[in-house]
Structures are given as C-alpha cells and as structure tokens.
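Each chain is listed here by its residues.
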Amino acid sequence: MNPILRCATAAVACLLAVPCLAATPKSAAKPKPAAAAKPAPIPDDDLTTAATRHVAICPPPKAGRCVIKKPIATGYRVLTAGVDLEDKDGQWIADFSKGPKGQKVLLQVLGLNGDLHDIEVSFQGKPAAKKAAAKKQ
C-alpha cells in the first residue's frame, strides 16, 4: 500500500475516532464508601441491662438432666420459668423437663450485682438416632 494513502487512512480514522471518544461517558468516579451507620444514641433514661451471652449443649430433657458450668460465682436468680437449677461446686444441674419446649431454650439468670446472663441451651438428639442416620447415607 502506498505510504501516502496509508497515512491518509490513519488520519481519517483518527478524525472519526475523536468524536466517538468525546461521546463516551467519562468513567464514573469511584463511589465513596458509605459512612458506617452510627448507633442510635442511648437516652439518659434507658434502664436496659446488657446481657452476657453463653452457649450450652445438653441432652434432650426426656433423657435426663444437664450439667452447665456456672457463669456466676454466687448469688443469682433464674428468670426463665419452669427451669430448676441445682447448685453443685461451680456447676448447675439443670432440669428442663418442666420448662419451655423446643430444640433451643434461652436460660436467663440474673446475678446478685445485677449482671444478666443469657445461656442459649441447645439439645442434642439421641446418639443412636445419629448413628442410624449416618449408616443410611
């Protein structure tokens, strides 16, 4: 191809490309990260007690009692109705047979100094049932 024709073709291509480049939108500026949501201010008259969360895994209530490590040294009141706790050397022996039903129970205990403890108790299935289900697979 003739060098003059090649140069003319390149010039025409550049002239045609300039309006196209001008018509393309500029890349959008990177969005600023959203400011972290500020928690609502706590009113001066708020009397809510923050609870300390704990987790315990127990056998089903029909299978027997459950042993739970005590999060409170001395002096407490059980706030969950229908749950009996027997105090034994740094542990509670809990009887959930008369308490709330379900796979999980929230056991609330209030300490002598006003500290609230939420203990999420989940119940395991029978070990034999788990083994039988595993064999089927």
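It should be emphasised that the depicted structure is a prediction, and the values quoted were computed from it without experimental measurement.

**Details of the environment of Q103**
So, point 1. Position of Q103 relative to the elements: it lies in the loop between β5 (91-95) and β6 (104-111).
So, point 2. Sequence-wise, Q103 and F123 are 20 residues apart; in three dimensions their C-alpha atoms are separated by 5.6 Å.
So, point 3. When near neighbours in sequence (up to four residues on either side) are disregarded, Q103 contacts V121, S122 and F123.

**Let's talk about the nonpolar core**
When a protein is soluble and globular, its nonpolar side chains tend to lie buried together.
So, point 1. Judged by nonpolar contacts, the single largest core of 16 residues is most densely connected at C58, I68, L85, F96, L107 and V121.
So, point 2. Looking at this core, the elements that each hand over two or more residues are β1 (51-58), β2 (66-69), β5, β6 and β7 (116-123).
So, point 3. L85 has contacts with Y76, V78, W92, I93, A94, L107 and V109, leaving out every residue within four places of it along the chain.

**With respect to the sheet that holds strand β4 (residues 84-88)**
So, point 1. The sheet built from three strands is open, its strands ordered β2-β5-β4 with antiparallel pairing. Looking at strand neighbours, the two that pair on one side only are β2 and β4, the edges of this open sheet. Strand-to-strand twist in this sheet, taken as the mean axis angle between neighbours without regard to direction, amounts to 30 degrees.
So, point 2. Where β4 and β5 come together, five bridges link them in antiparallel fashion. Opposite D87, over in β5, you have W92 as the bridge partner.

Each value, and the rule that gives it
- Residues numbered from 1 in each chain as written.
- Predicted model: local features only at pLDDT ≥ 70, side-chain atom pairs only at ≥ 80, totals over all residues.
- Heavy atoms only, no water.
- Helix = DSSP H or I, 4+ residues; strand = E, 2+ residues; numbered from the N terminus.
- Contact = heavy atoms within 4.5 Å.
- Core = buried A, V, L, I, M, F, W, Y, C linked by side-chain atoms within 4.5 Å.
- Buried < 20%, exposed > 50% of the residue type's maximum accessible area, 1.4 Å probe, protein only.
- Pairing = 2+ DSSP bridges.
- Axes fitted to C-alpha atoms, helices over the stretch in contact; angles between N-to-C directions.

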